[in-house]
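# Close look at the chain arrangement
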Amino acid sequence: MSLLVVGSVAFDSISTPFGNSDKIVGGAATYISLSASNFTQNIKLVGVVGGDFPKDYIKLLQDRGVDTNGLQIKESEKTFFWAGKYHNDMNHRDTLVTELNVLGDFDPILPESYQDCEYLMLGNLAPKVQSTVISRLAKRPKLIMMDTMNFWMEIAMDDLKETISMVDVLCINDEEARLFTKEYSLVKAAKQILALGVKTLIIKKGEHGALLFNKDEVFFAPALPIEDVFDPTGAGDTFAGGFIGYIAQTGDISFANMKRAIIHGSAMASYCVEKFGTQRLLELTDVEIEKRIGQFVDLVKFDVLVAKI
Ligand code: AMP
């Protein structure tokens, strides 16, 4: 079951109440691929980096089964750079720097060997670039999922609406859902977004879990209460990677299986925040993932006792 992942491969500089990172490897496609690689070994990456990007990190992705033939390397240019700062409330962050560099005129070229992909994950990128990827696939994948952010809602709303109407699953956070629809109620916001034609909507609520909607059903997944959230960068992408990786592994796109997928995504995100950048994801074992999924099951399991009158 091959999974095509498109998105930024980046350098990040992160400041949290726990400390500051140097320029470290990040990017949506990096987190998505690392997370999904725990569930499926057939991942094909499309992105672009500059000549300053470490070749050993590309090798590290390859060692985890990620095909990087679609990762363009522009030797004379610089990799996309993002800097962010978190305060005590880790659900919100300030973007300090966005240097598009190679991402500025990114043309997502798909190698011929990528044409057979069954699942497509469009990481946060310009909506026009996301829709270009869909149009360059000769056969529509079984499931297309996309992420986006407030930035595109502010400068490319029409393109964004068009791209959303082309995909099966949209993954955004609560703030973005409210900004997009101008509705405070997430239930009303979800109805408005689903009316655009996307079949399934995931609204992430940071440390308060995530909601999964389709036209007729809704499901809620909690986030694991964690003592110290060290660095939330990439948690959203790691969540998406866990979700789509699990769907690709199981091959089941029913709502019932998406409930399981959302728990797998939440479990992966809960690990991502434990250390700076991708560090925790790189150390993660299958045993740890199984254990955390068990903790999620325990978190929401309860009996209903019917009182005798
Ligand atoms: P998340 O915390 O899951 O929302 O994603 C964080 C990642 O998104 C970081 O590693 C950044 O490199 C990447 N990122 C931030 N802004 C952008 C942007 N405008 N386009 C693409 N990727 C971005």
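It should be noted that the structure appears before, not after, this text.
Sequence order sets the numbering: in each chain, residues are counted from 1 along the sequence as written. Owing to the predicted nature of the model, reporting of local features is limited to residues with pLDDT of at least 70; listing and counting of side-chain atom pairs is limited to 80 or more, with chain, interface and lining totals taken over all residues. Excluding hydrogens and water, the side-chain values take into account all heavy atoms of the structure.

### Here's the deal with the packing of helix α3 (residues 127-135) against helix α5 (residues 157-164)
- Under this scheme, a helix contributes an axis fitted over its contacting stretch, all axes are lines through C-alpha atoms, and angles between N-to-C directions fall in the 0 to 180 degree range. Strands are runs of DSSP state E lasting at least 2 residues, helices are runs of H or I lasting at least 4, and numbering of each runs from the N terminus. Look at α3 against α5: their axes get within 8 Å of each other, and the N-to-C directions meet at 30°. Considered as vectors, α3 and α5 are oriented roughly parallel to each other. Our pair here, α3 against α5, has a crossing hand that is left-handed. On α5, the residues touching Pro 127, Lys 128, Gln 130 and Ser 131 of α3 are Asp 159, Leu 160 and Thr 163.
- The residue classification treats Ala, Val, Leu, Ile, Met, Phe, Trp, Tyr, Cys and Pro as nonpolar and Asp, Glu, Lys and Arg as charged. All others, Gly included, are polar. For the contact of α3 with α5, the residue count by class is 2 nonpolar, 3 polar and 2 charged. Each angle receives one of four descriptions, namely roughly parallel if under 35 degrees, roughly antiparallel if over 145, roughly perpendicular if within 65 to 115, and oblique otherwise. Take the far helix as your reference; a near helix turned counterclockwise from it by less than a right angle gives a left-handed crossing, and one turned clockwise gives a right-handed crossing. The contact rule is simple, with two residues in contact once any of their heavy atoms fall within 4.5 Å.

### Regarding the nonpolar core
- Among buried residues, the Ala, Val, Leu, Ile, Met, Phe, Trp, Tyr and Cys ones that are joined through side-chain atoms within 4.5 Å form a nonpolar core. For the exposure calls, accessible area comes from a 1.4 Å probe over protein chains only, and a residue counts as buried if that area is under 20% of its type's maximum, exposed if over 50%, partly exposed in between. One finds Met 145, Ile 202 and Ile 262 to be the most contacted residues of the largest nonpolar core, which totals 58 residues.
- The element best represented in this core is helix α9 (residues 255-272), accounting for 10 residues.
- Membership of the second largest hydrophobic core comes to 44 residues, among which are Leu 110, Tyr 114, Leu 201 and Leu 211.

### A word on helix α1 (residues 28-36)
- The buried fraction of α1 is high, at 9 of 9 residues.
- Residues Ala 28, Ala 29, Thr 30, Tyr 31, Ile 32, Ser 33, Leu 34, Ser 35 and Ala 36 constitute the buried set of α1.

### Observations concerning the site of the ligand
- Here, proximity means that at least one heavy atom of the residue falls within 4 Å of the molecule or strand. Near the ligand there are 17 residues, and of these Ser 8, Asp 12, Gly 27, Gly 234 and Asp 237 occur at the shortest range.
- Distance and chemistry together define a polar contact, namely a pair of N or O atoms within 3.5 Å, with one atom able to donate a hydrogen and the other to accept it when in protein, and with adjacent residues in sequence counting only for side-chain atoms on both sides. Contact distances for the ligand include 3.2 Å between an oxygen atom and a backbone N or O atom of Gly 236.
- Surface accessibility in these figures is a Shrake-Rupley result with a 1.4 Å probe; residues are shielded only by whichever protein chains are displayed. Contact with the protein chains hides 90% of the accessible area of the ligand, taken as 510 Å² for the molecule alone.
- Counting only elements with at least two residues in the shell around the ligand, the list comes to β2 (10-16), β7 (80-86) and α8 (235-250).
- The element contributing the most residues to the shell around the ligand is α8, with 3 residues.

### A short note on the sheet that holds strand β1 (residues 3-6)
- Whether two strands pair comes down to DSSP finding at least two bridges between them. Pairing in this open sheet of 9 strands is mixed, and the strands run β6-β5-β1-β9-β10-β11-β12-β13-β14 from one edge to the other. Edge strands, defined here as strands with exactly one partner in the open sheet, are β6 (66-74) and β14 (218-221). Averaged over all adjacent pairs, the angle separating strand axes in this sheet is 15°, with direction ignored.
- Across 4 bridges, the pairing between strand β13 (residues 210-213) and β14 is antiparallel. Within the sheet, the bridge partner assigned to Leu 212 lies in β14 and is Phe 219.
- Against the sheet, α3 engages β1, β9 (119-122) and β10 (143-147), with an angle of about 165° to β9.

### As for the pairing of β1
- Of the two faces of β1, the one lined by Leu 3 and Val 5 and the one lined by Leu 4 and Val 6 are each fully buried.
- Looking at chain direction, β1 and β9 are connected through 4 bridges and run parallel. Considered in β9, the bridge of Leu 3 is made with Tyr 119.

### Quick notes on the pattern of salt bridges
- Any carboxyl oxygen of Asp or Glu within 4 Å of a side-chain nitrogen of Lys or Arg constitutes a salt bridge here. Considering all chains together, one arrives at 13 salt bridges under this definition.
- For the salt bridge of Arg 140 with Asp 168, the shortest nitrogen-to-oxygen distance reads 3.0 Å. Here the residue Arg 140 occupies a position in the loop between α3 and β10, and Asp 168 occupies one in the loop between α5 and β11 (169-173), the gap between them amounting to 28 residues.
- As a salt-bridge pair, Arg 280 and Glu 288 come within 2.8 Å of each other at their nearest N and O atoms.

### Observations regarding the packing of aromatic side chains
- Each Phe, Tyr or Trp ring, with Trp reduced to its six-membered ring, pairs with another whose centre is within 6.5 Å; inter-plane angles below 30 degrees give stacked pairs, above 60 give edge-to-face pairs, and intermediate values give tilted ones. Overall, the coordinates contain 5 aromatic pairs when judged by the stated rule.
- Summarising the aromatic geometry, the rings of Phe 11 and Phe 53 are spaced 5.7 Å apart at their centres and angled 35° between planes, so their arrangement reads as tilted. Here Phe 11 is found in strand β2, whereas its partner Phe 53 is found in the loop between β5 (43-50) and α2 (55-63), with 42 residues between them in sequence.
- What makes Phe 11 buried here is its relative accessible area of 9%.
- Judged by centre distance (6.2 Å) and plane angle (75°), the ring pair of Phe 53 and Tyr 57 falls under edge-to-face. In this structure, Phe 53 and Tyr 57 share a single accessibility class: buried.
- The criterion for a charge sitting over a ring is simple: Lys NZ or Arg CZ within 6 Å of the ring centre, and within 35 degrees of the ring normal. Directly above the aromatic system of Tyr 184 lies the positively charged group of Arg 178, at a separation of 3.8 Å from the ring centroid.

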